[in-house]
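Close look at the chain arrangement
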Amino acid sequence: MAINPRTIEQTELDLETARGQFAALQLDPLVSDDTKLVAAAIAQAGAEVALAVARISGRSSE
């Protein structure tokens, strides 16, 4: 069985929200470059976790 479309939609929404928050952080001149680097790593890891959860959720509904 395929992944539930609602799961995919929610995951995509969460990812877009995280990207928007990260973009705002990148533009903030008060945030240090080191903090931006850590935020980039967290955003990337979060995206990978969200996709893995969506895949696992899809498999468990089979």
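Before any of the text, the structure's been laid out above.
Presented here is a report on the structure given in the accompanying data block. (Residues numbered from 1 in each chain as written. Predicted model: local features only at pLDDT ≥ 70, side-chain atom pairs only at ≥ 80, totals over all residues. Heavy atoms only, no water.)

1. Here we look at the overall build of the protein chain
Keep this limit in mind: Strands here mean DSSP runs of E at least two residues long; helices mean DSSP runs of H or I at least four residues long; both are numbered from the N terminus. Remark: exposure states derive from per-residue accessible area (1.4 Å probe, protein chains only) relative to the maximum for the residue type, with buried under 20%, exposed over 50%, and partly exposed in between. Exposure was quantified through the Shrake-Rupley algorithm and a 1.4 Å probe, taking into account, for residues, occlusion by the shown protein chains and nothing else.
A count of helical and extended segments in the protein chain gives two helices and zero strands. With 62 residues in all, the protein chain has 15% of them scored as buried. Total accessible area on the protein chain stands at roughly 4700 Å², and carbon and sulfur atoms take up 62% of it.

2. Overview of the environment of T35
Operational definition: Polar contact is the term for a pair of N or O atoms within 3.5 Å; when the atoms are in protein, one must be able to donate a hydrogen and the other to accept it, and sequence-neighboring residues count only if both atoms are side-chain atoms.
Its place among the elements puts T35 in helix α2 (residues 33–60). Judged by relative accessible area, which is 40%, T35 ranks as partly exposed. Taking the C-alpha atoms as reference, T35 lies 9.2 Å from L25; in sequence the two are ten residues apart. Looking at T35, its side chain comes within polar contact range of the side chain of S32, at 2.9 Å.

3. Description of the environment of A47
Tracing the sequence through the fold places A47 in helix α2. Note: C-alpha distance between A47 and L15 (32 residues apart in sequence) is 6.1 Å.

4. Some details on the side chain of K36
Keep this limit in mind: When charges are counted, Lys and Arg are positive and Asp and Glu negative, with His and the chain ends excluded. Salt bridge, as used here, is a side-chain nitrogen of Lys or Arg placed within 4 Å of a carboxyl oxygen of Asp or Glu. We call two residues in contact whenever any of their non-hydrogen atoms come within 4.5 Å of each other.
Turning to its location among the elements, K36 is positioned in helix α2. No salt bridge forms around the buried K36; measuring N to O, its nearest opposite-charge neighbour D33 is 4.4 Å away. Residues within four places of K36 in sequence aside, it is in contact with F22, L25, Q26, D28 and V31.

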